[in-house]
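The residues making up each chain are set out below.
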Amino acid sequence: MSSGLAITSFMPSVVSSSIFSSRRANSGADALTQSNPFVAAMNMDIAGGQILNAAKGVSAIAKESNNALAAGFTSAEESIKALTKSDKILNGFGKVLNFTSNYINPLITATGAIKVITADDKKEAAIRESLGLGTMFAAEAAAKRFIGMPVIKKIDGKRIAVAREGLYKKNPFAAKQAAAFKDYCNTKTFFNKSLKFLPGMLKGLGFVCASICGYKLGTEVAGLLCDK
């Protein structure tokens, strides 16, 4: 995989995971101030898993660049692995985060269930969580199909980005404009920095917007139902 292809493949995941981790950490802090340590802990764990996913994406991009940055990432990863193997607490912590990074959505669902169980008004909480998460996951799935968000898989211990054909390409005009924009970014620089990352970054931002809007829509509808 070339450096440019790695950027295109992993950048959407890096961007979306970075933004989601920040939002999830804020949710964890809010839950802590509301005296709900279980939800706070689960949110912080999810935030850690999302940070790990972003780091894995950055590492995959760096390793394809064939420069000093790639060597630095490889050296850092080996040092971390050696440290976690020698320390039982760090080893256990690393296993938990790695598990979390592989099962983000199920754990988000589990966190929603805990919020319902610990809520004072369980019926209202159940409506808000089920509609909020349901529309969020639906919006995310639709966004992935429309923009062609790459699927990140782990094969033989290596992270692989499997390309997905975006539905927007079925529209000749949209497909032509997207291809032209990608070609432009591949050949241009800004302050001597390549713009190859821009299409992947925009895909990641689009995915984040779809997720947030989906959740917002669901909670708004839930609010109307609860008011009635």
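No experiment lies behind these values; they were computed from the predicted model shown.

**Describing the pattern of salt bridges**
Now for step 1: In this structure the tally under the stated criterion is 4 salt bridges.
Now for step 2: One salt bridge connects Lys115 with Glu129, and the closest N-O pair in it is separated by 3.1 Å. Of this pair, Lys115 sits in helix H5 (residues 104-118) while Glu129 sits in helix H6 (residues 122-147), and the two are 14 residues apart along the sequence.
Now for step 3: Residue Lys115 is classed as partly exposed on the basis of its relative accessible area, which comes to 33%.

**A word on the environment of Glu124**
Now for step 1: You can see Glu124 is positioned in helix H6.
Now for step 2: C-alpha separation for the pair Glu124 and Asp227, spaced 103 residues apart in sequence, amounts to 9.6 Å.

**Some remarks on the packing of aromatic side chains**
Now for step 1: A complete count under the given rule lists 3 aromatic pairs for this structure.
Now for step 2: Aromatic pair Phe99 and Tyr103: ring centres 4.8 Å apart, planes at 35°, arrangement tilted.
Now for step 3: The exposure class assigned to Tyr103 is partly exposed, which follows from its relative accessible area of 42%.

**Details of H6**
Now for step 1: With 26 residues, H6 should cover 38 Å at 1.5 Å per step; its first-to-last C-alpha distance of 37 Å lies within 8% of that length.
Now for step 2: Taken together, the buried positions of H6 are occupied by Ala125, Glu129, Gly132, Leu133, Met136, Ala139, Glu140, Ala143 and Ile147.
Now for step 3: Immediately beyond the C-terminal end of H6, within one or two residues, lies Gly148, with a positive phi of roughly 75°.

Rules used throughout
- Residues numbered from 1 in each chain as written.
- Predicted model: local features only at pLDDT ≥ 70, side-chain atom pairs only at ≥ 80, totals over all residues.
- Heavy atoms only, no water.
- Salt bridge = Lys/Arg side-chain N within 4 Å of Asp/Glu carboxyl O.
- Helix = DSSP H or I, 4+ residues; strand = E, 2+ residues; numbered from the N terminus.
- Buried < 20%, exposed > 50% of the residue type's maximum accessible area, 1.4 Å probe, protein only.
- Phe/Tyr/Trp six-rings, centres within 6.5 Å; stacked < 30°, edge-to-face > 60°.
- Expected span 1.5 Å × (residues − 1).

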